Amino acid sequence: MSEPTEANGTAGAAEAAEPARSSGDGAGGRRVRVVLVDDHRMFRTGVQAEIGRTDETGVEVVGEAADVDQAVTVITATRPEVVLLDVHLPGGGGVEVLRRCAPLMADAEQPVRFLALSVSDAAEDVIGVIRGGARGYVTKTITGADLVDSVFRVQEGDAVFSPRLAGFVLDAFASTDAPPVDEDLDRLTQREREVLRLIARGYAYKEIAKQLFISVKTVESHVSAVLRKLQLSNRHELTRWATARRLV
């Protein structure tokens, strides 16, 4: 199995400049080339260990990236069949990666397909990346076996969603009305929204830190920023605010 490429400059991209499609036995004769895009190295390492055993799973991880610019560089150089894409990334998020990779998605001969893989299950995140061109959206609670199956389904052109997320997409595309703009929510950064939802669901600071791969101190800073921006006093008010907007 080839070593993953992570763009930290141009060396990795140059080495992968020949985007030939792989063929091989893999699992049941199937093979798919995948790029992992996530800003947490530990998470990428875990996914690589879980699904990147090519002889067993048929999944060959050919590249990794931690932000938007790296992602576009690696994806363009390696031309994978499927990209596992986090929604919240430095440099503009998963939607920006999709926007800049639109020509690759539209390639009739060798389309690059995207499957969002995120801790967030918020409707606006799901709808945003699907409108951007992703073929599916699964959360990070997915098992390794199900993730491998999802990758192959996306490679084949199917749409794949974690069970409760499909309803968001159906509702969004069934309506011709644009969703209302929530100016209060728009004041929050993507990371602050993640922390907000987990707080509202009753997670302790340590649990949030572990889930988002950040420190407890950083969680505390995000909570303080959220309370200040929304003009709330405590996590009880924050929970009621989030519940009223169906963010929980």
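Residues numbered from 1 in each chain as written. Predicted model: local features only at pLDDT ≥ 70, side-chain atom pairs only at ≥ 80, totals over all residues. Heavy atoms only, no water.

(A) Up close: the packing of aromatic side chains. By the definition in use, this model includes one aromatic pair. We note Arg30 situated over the ring of Phe152; from NZ or CZ to the ring centre the distance is 3.8 Å. Geometry around Phe43 places Lys140 over its ring, the cationic atom sitting 4.0 Å from the centre. (Phe/Tyr/Trp six-rings, centres within 6.5 Å; stacked < 30°, edge-to-face > 60°. Lys NZ or Arg CZ within 6 Å of the ring centre and 35° of its normal.)

(B) Highlighting the environment of Val129. Among the secondary structure elements, Val129 is positioned in helix 7 (residues 123-132). Given a relative accessible area of 1%, Val129 falls into the buried group. For the pair Val129 and Leu85, spaced 44 residues apart in sequence, the C-alpha separation works out to 9.5 Å. (Helix = DSSP H or I, 4+ residues; strand = E, 2+ residues; numbered from the N terminus. Buried < 20%, exposed > 50% of the residue type's maximum accessible area, 1.4 Å probe, protein only.)

(C) Expanded view of the confidence of the model for the chain. Overall, the predicted model of the chain reaches an average pLDDT of 83, with 81% of residues at or above 70. Note that pLDDT drops below 50 for residues 8-24; the model gives that stretch 27 contacts with residues more than four away or on any other chain. (pLDDT = per-residue confidence, 0-100. Contact = heavy atoms within 4.5 Å.)

(D) Region of interest: a negative patch on the surface. On the surface, Asp146, Asp149, Glu156 and Asp158 cluster together into a patch of negative charge. Of note, Asp149 is situated in helix 8 (residues 144-155). (Patch = residues over 30% accessible without salt bridge, like charges linked within 9 Å, V, L, I, M, F, W, Y side chains within 5 Å. Areas by Shrake-Rupley, 256 points an atom, 1.4 Å probe, with all protein chains shown as cover. Salt bridge = Lys/Arg side-chain N within 4 Å of Asp/Glu carboxyl O. Lys, Arg positive; Asp, Glu negative; His and termini not counted. Charge placed at Lys NZ, Arg CZ, Asp CG, Glu CD.)

(E) Region of interest: helix 7. Within the span of helix 7, buried status applies to Asp125, Val126, Ile127, Val129 and Ile130. Immediately downstream of helix 7, the backbone of Gly133 shows phi near 120 degrees, a positive value.

(F) A look at the sheet that holds strand 6 (residues 160-161). Strand order in this open sheet of six strands is 2-1-3-4-5-6, and the pairing throughout is parallel. Edge positions in the sheet fall to strand 2 (59-65) and strand 6, since each has one partner strand and no second. Alignment of strand 1 (residues 32-37) against strand 2, held across six bridges, turns out to be parallel. Bridging across to strand 2, Val37 finds its partner in Ala65. Sheet contacts for helix 2 (residues 41-51): strand 1, strand 2, strand 3 (82-85) and strand 4 (113-118); angle to strand 2, the most-contacted strand, approximately 170 degrees. Lying over the sheet, helix 4 (residues 68-78) contacts strand 1, strand 2, strand 3 and strand 4, oriented at roughly 170 degrees with respect to strand 1. (Pairing = 2+ DSSP bridges. Axes fitted to C-alpha atoms, helices over the stretch in contact; angles between N-to-C directions.)

(G) A look at the packing of helix 12 (residues 205-212) against helix 13 (residues 216-230). Two elements in contact, helix 12 and helix 13, have axes whose closest approach is 8 Å; the angle formed by their N-to-C orientations is 105 degrees. Here helix 12 is positioned roughly perpendicular relative to helix 13, judged by the angle of their axes. The segment helix 12 lies against helix 13, with Tyr205, Lys206, Ile208 and Ala209 engaging Val216, Val219, Glu220 and Val223. Within the contact of helix 12 with helix 13, the residues separate by chemical class into six nonpolar, no polar and two charged. (Parallel < 35°, antiparallel > 145°, perpendicular 65-115°, else oblique. Nonpolar A, V, L, I, M, F, W, Y, C, P; charged D, E, K, R; others polar.)

(H) How the structure looks around the pattern of salt bridges. All told, the structure shown has 13 salt bridges when counted by the stated rule. The partner of Arg201 in a salt bridge is Asp121, with the nearest N and O atoms 2.6 Å apart. Of this pair, Arg201 sits in the loop between helix 11 (190-200) and helix 12 while Asp121 sits in the loop between strand 4 and helix 7, placing them 80 residues apart in sequence. For Arg201, a relative accessible area of 32% translates into the label partly exposed. Taking the shortest distance from any N to any O, the salt bridge between Glu124 and Arg197 comes out at 2.4 Å.

(I) Broad picture of the nonpolar core. Ranked by size, the top nonpolar core spans 27 residues in total, and within it Val37, Ile75, Val83, Leu85, Val97, Phe114 and Val129 carry the most contacts. Secondary structure elements with two or more residues in this core: strand 1, strand 2, helix 4, strand 3, helix 5 (93-100), helix 6 (102-105), strand 4 and helix 7. Per-element tally for this core: the top contributor is helix 4, with five residues. Leave out the neighbours within four places in its chain, and Ile75 touches Val35, Val37, Pro80, Val83, Val97, Cys101, Leu104, Val112 and Phe114. Within the second largest apolar cluster, 21 residues are counted, among which are Leu188, Leu196, Ala200 and Val219. (Core = buried A, V, L, I, M, F, W, Y, C linked by side-chain atoms within 4.5 Å.)

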